Amino acid sequence: YRIDQKISYLKERYTSQDGVYQDQYDSTGCGRGFLPETRRGFYKMTLDPNSGQPASYVARHEHIENGHSDETLRMQVTPDGGKTYERKFWMDGGGQITSYSETVKVGPDGSKDYQQKPDSKVNFTNWVRRNRSLQTLTGLSLGGGLGAWGGHALLGTTGAVLGGLLGANLVDLCVRGEQKLNNRSNPSRLESAIWHPVDQLRTGVHIGGALAGAGLVLAFAFAGAR
């Protein structure tokens, strides 16, 4: 229905160039709450040269403002005279990502076949956002392991301890930044059960990292003084 409305609007308001209606836009400004806002997209409609009726239509619209939405609409006239309408929608507002596609096939006799297909590619990201503590544990383990390996290669056992603490904090800094932006998903049952001890572990790692950093600064200062 939205596509048919847009097609009728274009035909009534504008004159085609060689049977093609098209335009694009890209604007950036200040949105609600003085947040930066970007709107960009395009549309293109082509007419059948014989009948002068719309043969295809595609339009895309992106909106970025404390979140990101992306919608693409399509219409294609099929060889038998029917029409296929498609809509792909994706939205990330900092919580669970919504992503799916819709297809409506209209036969020459007016029969309709509607299908909706969820986008499985966002399932893992949505799961991670509902299990933030597991994300935290993974980041601490990965950063600590890499830091300990590099520190041991340079300074032996002491270097492994210092490198592990510093590496864990460095990776956790990136993890915390991502979690701060995407913090609107309802926690899973597992997340509700383990978040407190994981948060305590994260705090301990932060304290250990601060002490390790201070120790390295003093060690280098002492070495330089000698």
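Look up: the structure comes first, before these words.
Keep in mind that what you see is a predicted model, and the values were worked out from it rather than measured.

Calculation rules
- Residues numbered from 1 in each chain as written.
- Predicted model: local features only at pLDDT ≥ 70, side-chain atom pairs only at ≥ 80, totals over all residues.
- Heavy atoms only, no water.
- Helix = DSSP H or I, 4+ residues; strand = E, 2+ residues; numbered from the N terminus.
- Buried < 20%, exposed > 50% of the residue type's maximum accessible area, 1.4 Å probe, protein only.
- Contact = heavy atoms within 4.5 Å.
- Areas by Shrake-Rupley, 256 points an atom, 1.4 Å probe, with all protein chains shown as cover.
- Lys, Arg positive; Asp, Glu negative; His and termini not counted.
- Charge placed at Lys NZ, Arg CZ, Asp CG, Glu CD.
- Pairing = 2+ DSSP bridges.
- Polar contact = N/O pair within 3.5 Å; in protein donor to acceptor, adjacent residues only side chain to side chain.
- Phe/Tyr/Trp six-rings, centres within 6.5 Å; stacked < 30°, edge-to-face > 60°.
- Lys NZ or Arg CZ within 6 Å of the ring centre and 35° of its normal.

Trainee: Even after reading the chapter, I still don't get the overall build of the protein chain, so can you show me in this structure?
Mentor: A tally of helices and strands in the protein chain yields four helices and seven strands. Going from N to C terminus, the protein chain has its helices and strands arranged as α-β-β-β-β-β-β-β-α-α-α. For the C-alpha atoms alone, the extent of the protein chain along its principal axes is close to 90 × 40 × 35 Å. Evaluated residue by residue, the protein chain yields a buried proportion of 33% over its 226 residues. The contacts of the protein chain with a sequence gap of at least 6 include a subset with a gap of at least 24, amounting to 45%. Surface exposure of the protein chain reaches about 14900 Å², of which carbon and sulfur atoms provide 58%. Treating the 26 positive side-chain charges of the protein chain as one cloud and the 22 negative ones as another, the clouds have centres 6 Å apart.

Trainee: Would you take a moment to explain the environment of Ala 148 for this structure?
Mentor: Considering the arrangement of structural elements, one finds Ala 148 in helix 3 (residues 132–181). For Ala 148, a relative accessible area of 22% puts it in the partly exposed group. With ten residues separating them along the chain, Ala 148 and Thr 158 place their C-alpha atoms 9.3 Å apart.

Trainee: For this particular structure, what's the right way to read the pairing of strand 6 (residues 98–106)?
Mentor: Within a regular strand, side chains alternate between the sheet's two faces. When strand 5 (residues 83–92) meets strand 6, the two strands line up antiparallel, connected through nine bridges. In the sheet register, Met 91 faces strand 6, and the bridge partner there is Thr 98. Once strand 5 ends, the chain turns through five residues before running back antiparallel as strand 6, passing Gly 94 with a positive phi of about 95 degrees. Here strand 6 pairs with strand 7 (residues 112–118) via seven bridges, running antiparallel. Residue pairing for strand 7: Thr 103 is matched across the bridge by Gln 115. Counting the residues between successive antiparallel strands, the hairpin from strand 6 to strand 7 contains five residues, one of them, Gly 110, with a positive phi of roughly 90 degrees.

Trainee: Can you walk me through the side chain of Arg 87 in this structure?
Mentor: Along the chain, the position of Arg 87 falls in strand 5. According to the relative accessible area criterion, Arg 87 is buried, its value standing at 19%. Among the polar contacts made by the side chain of Arg 87, one reaches the side chain of Tyr 100 at a distance of 2.8 Å. Those residues in contact with Arg 87, other than ones at most four positions away along the chain, are Arg 2, Glu 71, Thr 72, Leu 73, Tyr 100, Ser 101 and Glu 102.

Trainee: When you look at the packing of aromatic side chains in this model, what are you seeing that I'm missing?
Mentor: The description of an aromatic ring pair uses the distance of the two centres, along with the angle that the planes make with each other. Tallied over the entire structure, the rule returns three aromatic pairs. On the basis of an interplanar angle of 25 degrees and a centroid distance of 6.2 Å, the ring pair of Phe 124 and Trp 127 is categorised as stacked. One end of the pair, Phe 124, and the other, Trp 127, are both in helix 2 (residues 123–130), three residues apart, so they sit about a helical turn from each other. Sitting over the ring of Tyr 43, Lys 6 keeps its end group 5.2 Å from the ring centre.

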